[in-house]
Amino acid sequence: MTTTHWLFGDQLGPAFLTPDGGGPSRDARVVMIESRAVFRRRRFHRAKAHLVLSAMRHRAAELGDRVTYVRAETYREGLRQAVGEEPVTVHHPTSRAALAFVRSLEHVTVLPPRGFLVATEDFAAWARGRRELRMEAFYRDVRRDHDLLMEGGGPAGGTWNLDHGNREPPPRGAATLGADAPYRPREDAVDEEVRRDLDRWEREGAVSFVGRDGPRLFPADRREARAALRRFVRHRLAGFGAHEDAILADDGTMSHSLLSSSLNLGLLGPAECVEAAQAAYRAGEAPLNSVEGFVRQIAGWREYVWQLYWYFGEDYRTSNALRHTAALPDWWSELDADAVSARCLATVLRQVRDTGWTHHVPRLMVLGSHALQRGWDPAAVTDWFHRCFVDGYDWVMLPNVVGMSQYADGGRMTTKPYTSGGAYLSRMSDLCGPCPYRPDRRVGEEACPFTAGYWNFLHRHRGALGRNARMSRAVRGLDRLGDLPALLEQERRRGDGPP
Ligand code: FAD
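Note that the structure is predicted; figures quoted are calculated from it, not measured.

Chemist: I tried to follow the overall build of the chain on my own but got confused; where do I start?
Modeler: The helix and strand tally for the chain stands at 21 helices and seven strands. For 499 residues, the compact-globule estimate of 2.2 N^0.38 gives 23 Å, and the chain sits close to it at 23 Å. With respect to the principal axes defined by its C-alpha atoms, the chain has extents near 80 × 60 × 45 Å. By the burial criterion, 57% of the 499 residues in the chain qualify as buried. Considering only contacts within the chain whose residues lie at least 6 apart along the sequence, 74% involve residues at least 24 apart.

Chemist: It is not clear to me how the site of the ligand should be interpreted in this structure. Could you clarify?
Modeler: The ligand sits among 29 residues. The nearest are His 256, Ser 257, Leu 258, His 360 and Met 397. Contact distances for the ligand include 2.9 Å between a nitrogen atom and a backbone N or O atom of Asp 391. Asn 400 is positioned such that a nitrogen or oxygen atom in its side chain is 2.9 Å from a nitrogen atom of the ligand. Counted by class, the shell around the ligand contains 15 nonpolar, eleven polar and three charged residues. Both of domain 2 (120-208 + 216-311) and domain 3 (323-494) provide at least three residues apiece to the shell around the ligand.

Chemist: Could you clarify how one ought to interpret the sheet that holds strand β3 (residues 67-72) in this entry?
Modeler: The pairing of strands in a sheet comes from backbone hydrogen bonds and takes either a parallel or an antiparallel form. Taken together, five strands build an open sheet; the order of strands is β3-β2-β1-β4-β5 and the sheet is parallel. If you trace the sheet from one side to the other, it starts and ends with β3 and β5 (108-111), each paired once. Each strand axis lies, on average, 30 degrees off the axis of its neighbour in the sheet, ignoring direction. Pairing of strand β1 (residues 4-7) with strand β2 (residues 29-35), which is carried by four bridges, proceeds in the parallel orientation. Residue pairing for β2: Leu 7 is matched across the bridge by Met 32.

Chemist: Even after reading the chapter, I still don't get empty space enclosed by the protein, so can you show me in this structure?
Modeler: Any empty space left between the atoms is revealed when a probe the size of a water molecule rolls over them. What the rule picks out here adds up to three cavities of 30 Å³ or more. Each pocket or cavity is described by its volume, and for the largest cavity that value is around 90 Å³. Together, 14 residues line the largest cavity, and Cys 344, Cys 432, Cys 435, Tyr 437 and Cys 448 are the ones closest to its centre. Among the elements of the structure, α13 (343-355), α17 (422-428) and α18 (449-460) are those that each provide at least two residues to the lining of the largest cavity. Grouping the constituent residues of the lining of the largest cavity by class yields eleven nonpolar, one polar and two charged. Taken together, Pro 182, Tyr 183, Arg 184, Leu 217, Pro 219, Ala 228, Phe 232, Arg 236, Ser 257, Leu 258 and Leu 259 make up the full set of residues lining the second largest cavity. The residue inventory of the lining of the second largest cavity, partitioned by class, reads eight nonpolar, one polar and two charged.

Chemist: How do you make sense of the domain arrangement of the chain when you look at a structure like this?
Modeler: Interfaces are often sized by the accessible area lost when the parts come together. Under the domain assignment used here, the chain contains domain 1 (4-111), domain 2 (120-208 + 216-311) and domain 3 (323-494). Put simply, the middle of domain 2 and the middle of domain 3, counted by C-alpha atoms, are 24 Å apart. Across the boundary between the two partners, domain 2 contributes 31 residues, which contact 30 residues of domain 3. Summed over both sides, the interface of domain 2 with domain 3 buries roughly 2,500 Å², with 68% coming from carbon and sulfur. Viewed at the interface, domain 3 and domain 2 are joined by zero salt bridges. Run the count over domain 2 and domain 3 and you get nine residue pairs in polar contact (both at pLDDT 80 or more). Here the side of domain 2 that touches domain 3 gets seven residues from one element, more than from any other, and that element is helix α11 (residues 288-311). For the side of domain 2 that touches domain 3, the residue count by class is 19 nonpolar, six polar and six charged.

Chemist: It is not clear to me how unusual backbone geometry should be interpreted in this structure. Could you clarify?
Modeler: The phi dihedral of Leu 149 is positive, around 50 degrees, even though this residue is not glycine. Assignment of secondary structure puts Leu 149 in the loop between α6 (135-145) and β6 (150-151). Exposure remark for Leu 149: the relative accessible area of 0% places this residue in the buried category.

Chemist: How do you make sense of the side chain of Thr 414 when you look at a structure like this?
Modeler: By the element assignment, Thr 414 lies in the loop between α16 (394-405) and α17. Polar side-chain contacts of Thr 414 include one of 3.2 Å to the backbone oxygen of Lys 416. Ignoring anything within four residues of it in the chain, the contact list for Thr 414 reads Arg 134, Gly 403, Met 404 and Tyr 407.

Chemist: What is the right way to read the nonpolar core from this model?
Modeler: Across soluble globular proteins, nonpolar side chains show a tendency to be buried alongside one another. By size, the foremost hydrophobic cluster in this structure holds 127 residues, and its most contacted members are Trp 6, Leu 237, Leu 367 and Trp 384. Examining the composition of this core, we find that twelve residues originate from one element, α11, more than from any other. Other than its neighbours up to four places away in sequence, Leu 237 contacts Phe 232, Ala 277, Ala 280, Ala 286, Ser 290, Val 291 and Phe 294. Residues Leu 322, Leu 372, Tyr 407 and Leu 478 belong to the second largest nonpolar core, which totals 15 residues.

Chemist: So what exactly am I meant to see when it comes to the packing of helix α5 (residues 120-127) against α11 here?
Modeler: The relative placement of two packed helices is expressed as an angle between their axes plus a distance between the axes. It is the contact of α5 with α11, at a shortest axis distance of 10 Å, that shows an interaxial angle of 80 degrees. Considered as vectors, α5 and α11 are oriented roughly perpendicular to each other. Across the interface between the two elements, Thr 120, Phe 123, Ala 124 and Ala 127 of α5 pack against Gln 307, Leu 308, Trp 310 and Tyr 311 of α11. For the contact of α5 with α11, a count of residues per class yields six nonpolar, two polar and no charged.

Chemist: Quick question: what am I supposed to make of the environment of His 45 here?
Modeler: Tracing the backbone through its elements, the reader meets His 45 in the loop between α1 (36-41) and α2 (46-63). Counting along the chain gives 345 residues from His 45 to Val 390, while the straight-line C-alpha distance between them is 7.7 Å. Aside from chain neighbours lying at most four places away, what touches His 45 is Phe 209, Val 210, Gly 211, Arg 212, Leu 335, Val 352, Arg 353, Thr 355, Gly 356, Arg 387 and Cys 388. A distance of 2.8 Å separates a polar atom in the side chain of His 45 from the backbone oxygen of Val 352. Within the structure, His 45 has its side chain in polar contact with the backbone oxygen of Arg 353 (distance 3.0 Å).

Chemist: Hey, could you run me through the layout of surface pockets in this one?
Modeler: Estimates place the volume of the second largest pocket at around 1,000 Å³. What lines the second largest pocket is a set of 43 residues, among which Val 38, Arg 41, Tyr 75, Ser 95 and His 386 lie closest to the centre. Those elements that provide at least two residues to the lining of the second largest pocket are β1, β2, α1, α2, α3 (75-83), α4 (96-104), α15 (378-388) and α16. Looking at side-chain class alone, the lining of the second largest pocket contains 24 nonpolar, eight polar and eleven charged residues.

Analysis parameters
- Residues numbered from 1 in each chain as written.
- Predicted model: local features only at pLDDT ≥ 70, side-chain atom pairs only at ≥ 80, totals over all residues.
- Heavy atoms only, no water.
- Helix = DSSP H or I, 4+ residues; strand = E, 2+ residues; numbered from the N terminus.
- Rg over C-alpha atoms; globule rule 2.2 N^0.38 Å.
- Buried < 20%, exposed > 50% of the residue type's maximum accessible area, 1.4 Å probe, protein only.
- Contact = heavy atoms within 4.5 Å.
- Near = heavy atom within 4 Å.
- Polar contact = N/O pair within 3.5 Å; in protein donor to acceptor, adjacent residues only side chain to side chain.
- Nonpolar A, V, L, I, M, F, W, Y, C, P; charged D, E, K, R; others polar.
- Domains from an automatic or database assignment.
- Pairing = 2+ DSSP bridges.
- Axes fitted to C-alpha atoms, helices over the stretch in contact; angles between N-to-C directions.
- 1 Å grid on protein atoms, 1.4 Å probe; cavity = no way out; pocket = protein on both sides within 12 Å on 5 of 7 lines; lining within 4 Å.
- Points joined across faces, edges and corners; volume = space filled by probe spheres on them.
- Buried area = accessible area lost by both parts, 1.4 Å probe.
- Salt bridge = Lys/Arg side-chain N within 4 Å of Asp/Glu carboxyl O.
- Core = buried A, V, L, I, M, F, W, Y, C linked by side-chain atoms within 4.5 Å.
- Parallel < 35°, antiparallel > 145°, perpendicular 65-115°, else oblique.

Structure (structure tokens):
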């Protein structure tokens, strides 16, 4: 009897349908389930709902007669409809909830995970006995084990990490980085059908979304994802490194790869991405700082985040070391960029509203930093990022938001909170120029919400942060602020309104 193999909506590439390494047999029938409950439970960005549904339906069209594609209220119902109680295999899902669900079904056999370079058991062995789990140490081992950017037993160019060369501010006076445009797909009949369905669901009041669903910007099938990777490596990778941390108001994508949604849908594998970048370096087509920077994002950060999701356990989700409990204000939840005057926040929120994506530094140093400074509940912030970003999934959101961005894990992932005053944003972006607030003002009409917010945050957590070796100097700086009482009163009055 041929078995049936179930593909989740983020298992859409060829790696999830190959017998290699314990996968399903080549003649396995396939089942895919579109669960309406997933969209009912949470208010997703509409562009994200569009992308996921479009990608699932594109995959189903590719698989043709081999797939049973079910539209059902829940996964349980869909599976019953498709196969009854017959045996089914599925690759290890990417969320704890989905894993618990498939494990609870007697007729479902869970196969190893796909889409990552390092096995969870190998990470557990690496982590055992270490006092600290730092990305850099993990990343070097991944480089060695996978022979990535290695030369004569050491790192190519003699240095593991070229990050110091990748923190340049944006080029002075330039509105854009001047990189070639990123790959953009062309919509087809599948997208039209998805858009009609989403309109109908909204009309019927069955679901509601945030954000705009303009033309689809991210790949929905393997062919598009491969084209996006090719275009990035050929035309954009060389410029990836130097300004990786910079932000330009009129150049939202700069030299970033925009590959996260394709990787997280399973349309691309991490190995092919880093190998393509490595080949460009070997061929002299891209400099080492750019290639190493990109390889570190995928073979370092992405792998590390995936591993921490499983390693830290279920309780990690509710970590709240700083005891932040404030609810998200409506303007934020609704992505109401037009209500915001602070140019950095308005620019980034607008990009999220219109595309469901913004690059790493706006996520961390604008959106995440603002939420942290305001003391918003880290679980609500995590949920917001998950719903509003085209590449957001439970596994990638928890470590990135709870750990890296909100410091809610008390430093298990990072050595200090990522937040700053306006001076950092002013140095690393062109956002401050026409802003009604001034980065060097902390009190008064022109007080920058990030500068005032930073000191307010340090003051609230003076005790805990004063004991952190990397923060204690900044905390001592509070003692030199003669206007601290006025600043605290100003921030109390400012509350959670849009700055
Ligand atoms: P590039 O800058 O081109 O980097 C290349 C690739 O590296 C990315 O495509 C991504 O796959 C990987 N990568 C880099 N950093 C990380 C990281 N910290 N975690 C995981 N992968 C990483 N990434 C997501 O994929 N999904 C998310 O939901 C997500 N949420 C984030 C939330 C916050 C608060 C922060 C600070 C970061 C988040 N990231 C997330 C990480 C990172 O910001 C995005 O992966 C990246 O901005 C996606 O754009 P890109 O593909 O152009 O990335």
